[in-house]
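For reference, the chains in residue letters:
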Amino acid sequence: LTQRQKAALLELQIDQAQALSRSVATSAAVWVAARDYSGLQEIVQGLSSYPDLQHAIILDTHGLILAHSEPAHEGQYLSDLPQRAELALVRPVSSMVDVASPVLIAGQHIGWVRIGLGRHSLDAKLSGINRGAILYGVIAVLFSVAFSTLAARYLTRRLRAIQQVADAVQAGASGLRANVSGEDEAAQLARQFNHMLDSLAQREEAQKQSESLFRAVFDNAAVGIAQLSIDGQFLQINQAFCEIIGYSRDDILTQGLAFQQITFADDLARDLDNVDRLLRNELSRYDVEKRYVRRDGCLVWASLSLTLLRSESGEPLYLISAVQDITVRKRAYTEQRIAAIAFESQIGMMVTDTQQEILRVNQAFSQITGYSAQEAMGQKPHLLSSGHHDRAFYNSMWETIVHEGAWQGEIWNRRKNGEVFPGWLTITSVKDNDGGTTHYVSTFTDISSLKKAQEQINTLAFYDPLTRLPNRRLLMDRLEQLLAAGARHQRRGGLLFVDLDNFKSINDTQGHY
């Protein structure tokens, strides 16, 4: 009889352990998938007052302990798990019943729940029975067997009610609760189970709100945002990122595109090195300017900020990148750099506003005029006036600038030391988008050397180098002019030849030209 009683109580314990493990597996499924360690630990701690509970453990499919009734065991591994994803009795030893229930979500096996119930209370009862009289013992045993059988059936029915609620919750009826009254173990388990469901419902609602907020920020962000796996494959992207690289979201996600495939070849090695440094924990994040290859083959400059997210144990989870299109800024910078180099050329340059106040000059301006930038800025171009040109000259020049937008010609200026020099000046007006003039840009060169060269050429052409007297070419030029003037005015003229005695000897001794 004692053996039958023990068998009945053992069967009751197994039923209780199995029902409890299934309930916990159903409740913990979402948190196992999300790796919410704090939520899983709260579930396990909620079972601490369950009678004869030896341990409550939640593990992943590899045996890693995610939550334990004794927190010191978290992060360790168990190897004695069932081979198949189904309810199983793990260790039917004399001191404890240990069962394992698979954690399933959408039919996929993602973990295990282990429940161990001790037999201390049962052993104490059996020891008391053995110390009683034989007749009393026989009666007690018979009564115990009958009571145990009825209790087992009673508790089993109540535990099955909890299991039915757990199955319904897993099927989607999240608002359903177990209706088990009383003060026995099943009622206590039902209250703990309901409390656990309420807590999970609150967590799920908070998580939904957080996800909704995140999705709204993610999708409407002004910069491109992408979530990538450790090997670089895109997992999530927002619309701004799609617009930057020219791909649709479906193209990127369905094709399994990775950042290596859209990074310009010259920038890829640096990117891979920085990602490797993130994984080695040498960097927490890195910022860089790089080039992407758009779907149409064009290059786009982007400012990239990449961050690596890790788990609580330090394991790399995924990469988050924030990308901003800086192509226009890069182009403007390049144009400014080119303009700056051109501005500092060997040609004198001066920029004025519409009131003709000098705003900027270059180094060549200072070298030609003798005025430093500090001396010239704030002055007017009249600073260089030589007095060689009258008001009519300047009026004509500005009339051309106003109607044609530019003027160029020869002008005489004065250096800081008072020296007057000839220059070739070009003035161009700068227009805004509405066609209004905003500035004037003047470029000029010193043509003093050119003027001197022209004078030398003229002297060599028309004067004898030795005597500095007009030569035959100049004589013929003047004669042609006189003949033309005489014919035009019906006049006559005379030509007088003067012979210089002994001039041949001068040519012979000093040179003949």
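Each remark here, short or long, concerns the structure printed above.
Residues numbered from 1 in each chain as written. Predicted model: local features only at pLDDT ≥ 70, side-chain atom pairs only at ≥ 80, totals over all residues. Heavy atoms only, no water.

## Let's talk about the sheet that holds strand E6 (residues 224–228)
Taken in spatial order, the five strands of this open sheet run E7-E6-E10-E9-E8, and their pairing is antiparallel. Two strands in the sheet have a free side with no partner beyond their single neighbour: strand E7 (234–237) and strand E8 (285–293). For this sheet, the mean inter-axis angle between neighbouring strands, taken without regard to orientation, is 30 degrees. Bridge count for strand E9 (residues 299–310) against strand E10 (residues 316–325) is nine bridges, and the pairing is antiparallel. Residue pairing for E10: Leu309 is matched across the bridge by Tyr318. The sheet strands contacting helix H9 (residues 265–279) are E8, E9 and E10, and the helix crosses E8 at an angle near 150 degrees. (Pairing = 2+ DSSP bridges. Helix = DSSP H or I, 4+ residues; strand = E, 2+ residues; numbered from the N terminus. Axes fitted to C-alpha atoms, helices over the stretch in contact; angles between N-to-C directions. Contact = heavy atoms within 4.5 Å.)

## What to know about the sheet that holds strand E15 (residues 437–446)
If you walk across this open sheet you meet the five strands as E12-E11-E15-E14-E13, and the pairing is antiparallel. Strands at the two margins of the open sheet, each flanked by one partner only, are strand E12 (358–361) and strand E13 (406–414). For this sheet, the mean angle separating the axes of adjacent strands, direction not counted, is 25 degrees. As paired elements, strand E11 (residues 348–353) and E15 share six bridges and run antiparallel to each other. Paired with Val351 across the two strands is Val441, which belongs to E15. Contacts from helix H13 (residues 391–404) reach E13, strand E14 (420–431) and E15 within the one sheet, and its direction differs from that of E13 by about 150 degrees. Where helix H14 (residues 448–462) meets the sheet, it contacts E13, E14 and E15, and its direction lies at approximately 130 degrees from that of E14.

## Focus on the layout of surface pockets
By volume, the second largest pocket amounts to about 510 Å³. Lining the second largest pocket are 21 residues, with Pro381, His382, Tyr394, Met397 and Trp398 positioned closest to its centre. Those elements that place two or more of their residues in the lining of the second largest pocket are E11, H13, E13, E14 and E15. No other element matches H13, which puts five residues into the lining of the second largest pocket. Along the lines of polarity and charge, the residues of the lining of the second largest pocket split into eleven nonpolar, eight polar and two charged. (1 Å grid on protein atoms, 1.4 Å probe; cavity = no way out; pocket = protein on both sides within 12 Å on 5 of 7 lines; lining within 4 Å. Points joined across faces, edges and corners; volume = space filled by probe spheres on them. Nonpolar A, V, L, I, M, F, W, Y, C, P; charged D, E, K, R; others polar.)

## Observations concerning the environment of Leu268
Within the secondary structure, Leu268 is located in helix H9. Setting aside its immediate chain neighbours within four residues, Leu268 contacts Phe259, Gln260 and Thr263.

## Points about the pairing of strand E2 (residues 65–68)
In this structure, strand E1 (residues 53–60) lies alongside E2, joined through three bridges in antiparallel fashion. Note that in E2 the partner of Leu59 across the bridge is Ile65. Taking the residues that link successive antiparallel strands as the turn, the E1-E2 hairpin has four residues, and the phi of Gly63 there is positive, at about 95 degrees.

## A closer look at the nonpolar core
If you look at the biggest cluster of nonpolar residues, it comprises 30 residues, and the most contacted ones within it are Val32, Leu40, Ile58 and Ile115. Taken together, the elements giving at least two residues each to this core come down to helix H1 (2–34), helix H2 (37–45), E1, E2, strand E4 (96–105), strand E5 (108–118) and helix H5 (185–220). Each residue touching Val32, except ones within four places of it in the same chain, is listed here: Leu40, Ile58, Leu66, Val103 and Ile110. Listed in part, the 25 residues of the second largest apolar core include Phe234, Phe241, Val275 and Val300. (Core = buried A, V, L, I, M, F, W, Y, C linked by side-chain atoms within 4.5 Å. Buried < 20%, exposed > 50% of the residue type's maximum accessible area, 1.4 Å probe, protein only.)

## Description of the pattern of salt bridges
Enumeration according to the criterion identifies 18 salt bridges in this entry. Lys416 is the salt-bridge partner of Glu375, the closest N and O atoms lying 2.7 Å from each other. Here the residue Glu375 occupies a position in helix H12 (residues 373–376), and Lys416 occupies one in the loop between E13 and E14, the gap between them amounting to 41 residues. For Lys416, a relative accessible area of 45% corresponds to the partly exposed category. Because the salt bridges share partners, they merge into one network encompassing Asp276, Arg277, Arg280 and Glu282. (Salt bridge = Lys/Arg side-chain N within 4 Å of Asp/Glu carboxyl O.)

## Considerations on the packing of aromatic side chains
On inspection of all chains with the given rule, the structure shows six aromatic pairs. Considering the side-chain rings of Phe393 and Trp407, the 6.0 Å spacing of their centres and the 90 degrees angle between planes classify their relative orientation as edge-to-face. With Phe393 in helix H13 and Trp407 in strand E13, this residue pair connects regions lying 14 residues apart in the sequence. Since its relative accessible area comes to 23%, Phe393 is described here as partly exposed. Given a relative accessible area of 14%, Trp407 falls into the buried group. Members of the aromatic cluster, joined through ring pairs, are Phe234, Phe241 and Tyr292. (Phe/Tyr/Trp six-rings, centres within 6.5 Å; stacked < 30°, edge-to-face > 60°.)

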